[in-house]
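Survey of secondary and tertiary structure
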Amino acid sequence: MPSLWIKNARVIDPANKRDRVGDVFVQNEKIVASLSAADKKKAKVIDGTGLVACPGLVDIHVHFREPGQTHKETIATGSHCAAAGGFTTVVCMPNTSPPASNTGTIQYIKDVIERDAVVKVLPTGCITVDMKGETLAPIGSLARAGVVAITDDGDCVQSNELMRRACEYAKMFDLPLMDHCQDHSMTVGAVMNEGVVSTRLGLRGWPNAAEDLIVARNAILSTYSGAHIHLQHISSKNAVELIRRAKARGVKITAEATPHHLALTDECIEGYDPKFKMNPPLRTAEDQQAIIGGLRDGTIDIIATDHAPHTDYEKDQEFDYAPNGILGLETALPVTLGVLQRQNKFRLAKVIDLMTRKPAELLGLPAGTLSAGAAADICLFDPQEKWTYDAKAGFSKSANSPWDGEELQGRVKTTIVNGKVVFDGKKVRKR
Amino acid sequence: MPWNRRHLITLEELSRAELDQIHSTATGFKKILTRSVKKVPALRGKTIVNLFLEPSTRTRMAFDMAAKRLSADVISLDAKSSSTTKGESLRDTAQNIAALQADMIVIRHSAPGAPLYLSRLLNIPVINAGDGAHEHPTQGLLDTFTMRERLGELDGRRVVILGDILFSRVARSNIQALRTLGADVTVVGPSTLVPPYFEALGVRVSHDLRSALADAEVVMLLRIQHERQNSGMFPSIGEYTSMFGLNQERASWLHPDAIIMHPGPINRGVEIDSELADGDRSVILEQVTNGIAVRMAVLYLCAGGQPEYVTPTA
């Protein structure tokens with residue numbers, strides 16, 4: 001394989017505190033500090049002028065729907081979306097059909113990844129058998145089979161006792177637990193944020209308190225067990241404050257925020273359009289500001305997309321009946337840059353850090369850096385380019401995006417995995 | 001000003017002039033209801049489909065009656081007879097109805113926003129006959145019509161809505177129309193069923209019956225549903241009645257000329273004393289009669305009729 005020479009890009013590598021115009025070199029699938037004069041002559045040159053070169057983005061929260069829901073997405077198409085969005089490592093959730101709560105399913109997923117994926121896709125396993133919240137899944141065997149975390153994502157474990165035991169047990173294997181924080185008893189029939197907008201629209205509200213309670217529960221269980229609990233897609237203002245205080249006490253919890261919770265509010269639901277329906281729901285501007293504050297001071301560790309494909313015919317229904325979730329991978333970078341960098345004046349390197357080094361570090365993944373010797377996973381993007389996102393023309397099998405038809409700023413031009421170009425700005429190199 | 005709306009989805013979006021047009025048209029149609037021949041040919045040759053995907057008796061009867069008084073052909077589908085029980089989507093059901101060349105759809109649905117969704121799919125007028133806890137526009141129209149008949153203009157008039165506000169589409173439609181007509185609205189009931197978010201709709205939120213009812217000219221009661229008790233919204237029907245039921249003593253706090261309203265069906269002895277429901281101040285049955293006239297006006301206008309052809313003096 002020829003060496004790569006990315007020339008004259010603004011290289012942002014938070015792991016090495018690097019942010020300056022320069023070159024990136026790749027040889028034998030790895031990042032190298034330099035190339036010999038002879039290798040330079042033979043190298044494939046990518047002109048990085050005007051572009052940012054950063055580590056390939058890392059998303060630890062995606063739904064690729066395989067096995068069992070492949071009409072919505074597959075590991076192949078999901079990985080294409082990732083490549084097109086600049087992501088080189090993604091972690092997929094276990095709520096497939098069947099759920100990934102046994103080693104056979106994990107092995108199947110790994111086989112499909114090996115065969116079909118164009119980026120690095122890592123599986124998670126369930127906390128409880130079939131995510132029913134009744135008995136523990138074979139967590140040790142799942143760990144041995146190679147899951148990077150366990151989670152009942154979407155079906156938050158309601159029993160505090162069971163969650164306590166899961167924490168204690170998973171701790172043996174140093175396996176993080178990822179939790180979608182939702183007290184189900186408070187959200188029966190709920191389809192959007194509880195507040196002024198839900199009151200006017202007559203839709204059943206999902207109160208912030210239902211998230212806050214489980215966030216607090218998890219901080220308490222992590223304190224006692226010492227297990228690492230990662231709090232998924234935080235949406236509530238008070239939850240941010242609870243996390244801040246727990247972290248100040250040294251509790252081993254981490255948290256993520258999604259681009260859609262940063263960019264959109266419950267007011268988007270005025271027209272009952274299910275493309276704004278997700279769980280946790282879009283909340284208020286006040287919650288948004290708290291989450292942005294949490295990202296600023298490190299209370300919230302990372303950005304994750306919760307990429308959740310659903311077909312048109314599933315999404316196109318009465319708001320109450322439509323499934324939760326939206327696409328995220330192809331729009332994550334421009335949307336996050338818009339909110340954090342352009343509107344809230346985060347440094348560009350800080351935004352990149354939230355989408356590369358920090359999520360990799362959070363799960364201990366070998367990703368998110370341009371250090372010499374690291375896998376050559378690289379994202380090149382133009383932070384200025386404006387483009388209109390057409391979800392149907394995108395790489396997902398589904399098109400359920402609130403940004404469909406919207407103009408976005410910041411566009412991925414090249415995505416490189418292990419030194420190979422998997423996305424060239426137009427096409428994904430399919431397998 | 002000509003009427004140029006084809007759908008009736010919410011009262012939130014109607015202007016004062018539009019509310020006036022519907023009410024004046026209804027006044028004209030109301031006269032027909034007391035004639036010996038209670039029928040006009042306004043919608044002859046038109047087919048109206050009543051798509052009731054949630055149980056209803058009086059609203060459905062009133063729409064049925066209104067359509068027949070206008071000489072329209074009416075087909076009624078309910079949840080049991082429609083294909084939705086076979087898993088057909090609302091989109092497909094609606095497109096089939098449109099393909100049958102229906103001229104108008106009246107829809108009742110448990111999901112808020114379903115009529116709006118339907119109106120975006122179809123080229124024929126869609127009338128909302130109640131969508132979940134969102135709106136029940138024709139109820140709000142008939143209630144405000146009844147108030148205006150009794151009290152005249154509503155600017156600055158004190159109206160109290162009492163009961164389960166949170167889950168009530170009747171409350172929401174009335175709030176929207178009453179605010180547009182300039183009334184001074186208070187919603188009152190237990191704090192679980194009357195959350196503070198309602199203040200954003202421009203009404204006063206109260207949990208104190210005495211101060212809320214003092215000098216009010218209209219009190220509108222809402223039906224209390226037993227299932228709310230099971231979901232912990234209040235301790236018991238008995239406690240509700242003792243705290244918030246309208247009885248003779250509490251009715252004496254009202255303005256001397258106040259009227260008592262209820263969209264029905266009433267729970268005698270729960271939200272309202274039986275004698276009050278049948279008493280002089282009750283306009284509950286007038287509401288039912290007015291419901292036909294108002295729905296005739298809505299069907300007529302949304303089918304393309306113009307208010308000037310149905311003047312109150314006609």
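Source: prediction; values computed, not measured. Note on numbering: residues in each chain are counted from 1, in written sequence order. In the order they appear in the text, chains get letters beginning with A and ligands get numbers beginning with 1. The predicted origin of the model limits local features to residues at a pLDDT of at least 70 and limits the giving and counting of side-chain atom pairs to 80 or more, whereas totals for whole chains, interfaces and linings rest on all residues.

1. Focus on the overall build of chain B
Helix and strand definitions follow DSSP, with helices as H or I runs of at least four residues and strands as E runs of at least two, each counted in order from the N terminus. When its secondary structure is counted, chain B shows twelve helices and nine strands. C-alpha atoms define the radius of gyration, and 2.2 Å times the number of residues to the power 0.38 defines the globule rule. At 19 Å, chain B has a C-alpha radius of gyration in line with the 20 Å of a compact globule built from 314 residues. With respect to the three principal axes, the spread of C-alpha positions in chain B is 55 × 50 × 35 Å. Counting other C-beta atoms within 10 Å of a residue's own tells you its class, since 20 or more makes it buried, 12 or fewer makes it exposed, and anything in between is partly exposed; those C-beta atoms are placed from the backbone. Relative to its 314 residues, chain B shows a buried fraction of 48%. Once local pairs closer than 6 in sequence are excluded, the contacts in chain B between residues at least 24 apart make up 74%. C-beta atoms are first placed from the backbone for all residues, and any pair lying within 7 Å is then listed as a contact.

2. Topic: the overall build of chain A
A tally of regular secondary structure across chain A gives 14 helices and 18 strands. Taking 431 residues into account, the globule formula puts the C-alpha radius of gyration at 22 Å, and chain A, at 21 Å, falls close to it. Summarising its shape, the C-alpha atoms of chain A cover approximately 65 × 45 × 45 Å along the three principal directions. Counting over 431 residues, chain A shows a buried share of 58%. The contacts of chain A with a sequence gap of at least 6 include a subset with a gap of at least 24, amounting to 76%.

3. Brief notes about helix 1 (residues 16-32) of chain B
All names here are of chain B. In this scheme, a helix's expected span is set at 1.5 Å multiplied by one less than its residue total. In a regular helix each residue adds 1.5 Å, so 17 residues correspond to 24 Å; helix 1 covers 25 Å between its end C-alpha atoms and thus fits that length. Among the residues making up helix 1, those that are buried are Leu19, Gln21, Ile22, His23, Thr25, Ala26, Thr27, Gly28 and Phe29. If you follow the buried residues of helix 1, they end up packed against helix 5 (137-151), helix 6 (169-180) and helix 12 (284-302).

4. Brief notes about the nonpolar core
Of all hydrophobic cores here, the largest spans 118 residues; its most connected members are Val24, Ala53, Val119, Ile150, Leu177 and Leu380 of chain A. Boundary definitions for the domains trace back to an automatic or database domain assignment. Each of two domains, domain 1 (4-52 + 375-423) and domain 2 (57-362) of chain A, supplies a minimum of three residues to this core. With residues near it in sequence (within four places) discarded, Leu177 of chain A still touches Ile127, Ala149, Ile150, Thr151, Ala166, Cys167, Ala170, Ala227, Ile229 and His230 of chain A. The nonpolar core is taken to be a set of buried Ala, Val, Leu, Ile, Met, Phe, Trp, Tyr and Cys residues joined by way of C-beta atoms within 7 Å. The next biggest cluster of nonpolar side chains, apart from the first, holds 112 residues, and it includes Phe52, Val185, Leu193 and Met220 of chain B.

5. Things to note about helix 5 of chain B
Residue and element names in this part refer to chain B. With 15 residues, helix 5 ought to run about 21 Å at 1.5 Å a step, and its terminal C-alpha atoms sit 21 Å apart, in line with that. For helix 5, the complete set of buried residues consists of Pro137, Thr138, Gln139, Gly140, Leu141, Leu142, Asp143, Thr144, Phe145, Thr146 and Met147. Looking at the packing, one finds that the buried side of helix 5 touches helix 1, strand 4 (126-131), helix 6, strand 8 (218-221), strand 9 (259-261) and helix 12. Gly152 occupies a position one or two residues after helix 5 and carries a positive phi of about 80 degrees.

6. Observations concerning the domain arrangement of chain A
Residues and elements named next belong to chain A. In terms of domains, chain A is made up of domain 1 (4-52 + 375-423) and domain 2 (57-362). Placing the centre of domain 1 and that of domain 2 at their C-alpha centroids yields a distance of 26 Å. Contacts between domain 1 and domain 2 engage 29 residues on the former and 41 residues on the latter. Among the secondary structure elements, those contributing two or more residues to the side of domain 1 that touches domain 2 are strand 16 (378-388), strand 17 (407-417) and strand 18 (420-423). Classifying every residue of the side of domain 1 that touches domain 2 by side-chain character gives 17 nonpolar, eight polar and four charged. Three classes are used, and their members are as follows: Ala, Val, Leu, Ile, Met, Phe, Trp, Tyr, Cys and Pro are nonpolar, Asp, Glu, Lys and Arg are charged, and the others, Gly among them, are polar.

7. So, the interface of chain B and chain A
The interface of chain B with chain A comprises 20 residues on the first partner and 14 residues on the second. The biggest single contributor to the side of chain B that touches chain A is helix 4 (residues 114-121) of chain B, with three residues. The class makeup of the residues in the side of chain B that touches chain A is twelve nonpolar, four polar and four charged.

8. Details of the packing of helix 5 (residues 160-171) of chain A against helix 7 (residues 208-225) of chain A
All names here are of chain A. Axis lines are fitted to C-alpha atoms, over the contacting stretch for helices. Their N-to-C directions set the angle, which ranges from 0 to 180 degrees. For the pair helix 5 and helix 7, the least separation of the axes is 10 Å and the interaxial angle reads 40 degrees. Between helix 5 and helix 7, the angle is such that the two are oblique. Relative to helix 7, the crossing made by helix 5 is right-handed. Note on element contacts: helix 7 touches helix 5 through Arg217, Leu221, Ser222 and Ser225, opposite Asn160, Met163, Arg164, Cys167, Glu168 and Lys171. Here the angle decides the label: under 35 degrees means roughly parallel, over 145 means roughly antiparallel, 65 to 115 means roughly perpendicular, and every other value means oblique. Handedness of a crossing follows from how the near helix is turned relative to the far one, being left-handed for an anticlockwise turn of less than a right angle and right-handed for a clockwise one.

9. With respect to the pairing of strand 5 (residues 158-162) of chain B
All names here are of chain B. Along strand 5, five of the five residues are buried, which leaves the element largely enclosed by surrounding structure. Burial of the side chains of strand 5 extends over both faces: Arg158, Val160 and Leu162 are buried on one face and Val159 and Ile161 on the other. Being paired, for any two strands, means DSSP has found at least two bridges between them. In this sheet, strand 6 (residues 184-188) lies alongside strand 5 in parallel orientation, the contact comprising five bridges. Residue pairing in the sheet places Val160 in a bridge with Thr186 of strand 6. Across four bridges, strand 5 lies against strand 8 in parallel orientation. Considered in strand 8, the bridge of Ile161 is made with Met220.

10. Quick look at the sheet that holds strand 15 (residues 302-303) of chain A
Think of a sheet as strands paired side by side through backbone hydrogen bonds, with each pair either parallel or antiparallel. Residues and elements named next belong to chain A. The parallel open sheet is built from five strands, whose spatial order is 9-10-13-14-15. In the strand order of this sheet, the two ends are held by strand 9 (150-151) and strand 15, each with one partner. Here strand 10 (residues 177-179) runs beside strand 13 (residues 229-231); their pairing, made up of three bridges, is parallel. Looking at the pairing, Met178 lines up with His230 of strand 13.

11. Things to note about the sheet that holds strand 6 (residues 57-62) of chain A
Residues and elements named next belong to chain A. Across the sheet, three strands lie side by side as 6-7-8; this open sheet has parallel pairing. Where the open sheet ends on each side, the last strands, each with one partner, are strand 6 and strand 8 (120-123). Direction aside, the axes of adjacent strands within the sheet are offset by 20 degrees on average. One ladder, built from four bridges, connects strand 7 (residues 87-92) with strand 8; its direction is parallel.

12. Focus on the packing of helix 1 of chain B against helix 12 of chain B
Residues and elements named next belong to chain B. Interhelical geometry of helix 1 versus helix 12 gives an angle of 120 degrees and a closest axis separation of 8 Å. Where helix 1 crosses over helix 12, the handedness of that crossing is right-handed. Each of Ile22, Thr25, Ala26, Phe29 and Lys30 in helix 1 lies in contact with helix 12, whose residues at this interface are Asn290, Ala293, Val294, Met296, Ala297, Val298, Tyr300 and Leu301. Classifying every residue of the contact of helix 1 with helix 12 by side-chain character gives ten nonpolar, two polar and one charged.

13. Quick look at the domain arrangement of chain B
All names here are of chain B. Splitting chain B by domain gives domain 1 (16-135 + 288-309) and domain 2 (137-287). Centre-to-centre separation of domain 1 and domain 2, based on C-alpha positions: 26 Å. With 21 residues of domain 1 at the interface, the matching set in domain 2 holds 19 residues. Elements represented by at least two residues in the side of domain 1 that touches domain 2 include exactly helix 1, strand 4 and helix 12. Considering every element that reaches the side of domain 1 that touches domain 2, the biggest residue donor is helix 12, with seven residues. Classifying every residue of the side of domain 1 that touches domain 2 gives eight nonpolar, eight polar and five charged.

14. What to know about the confidence of the model for chain B
Each residue carries a pLDDT score, the predictor's confidence in it, ranging from 0 to 100. Scored by pLDDT, chain B has a mean of 93; 97% of the residues are at 70 or more. Across the predicted assembly, pTM comes out at 0.95 and ipTM at 0.94.

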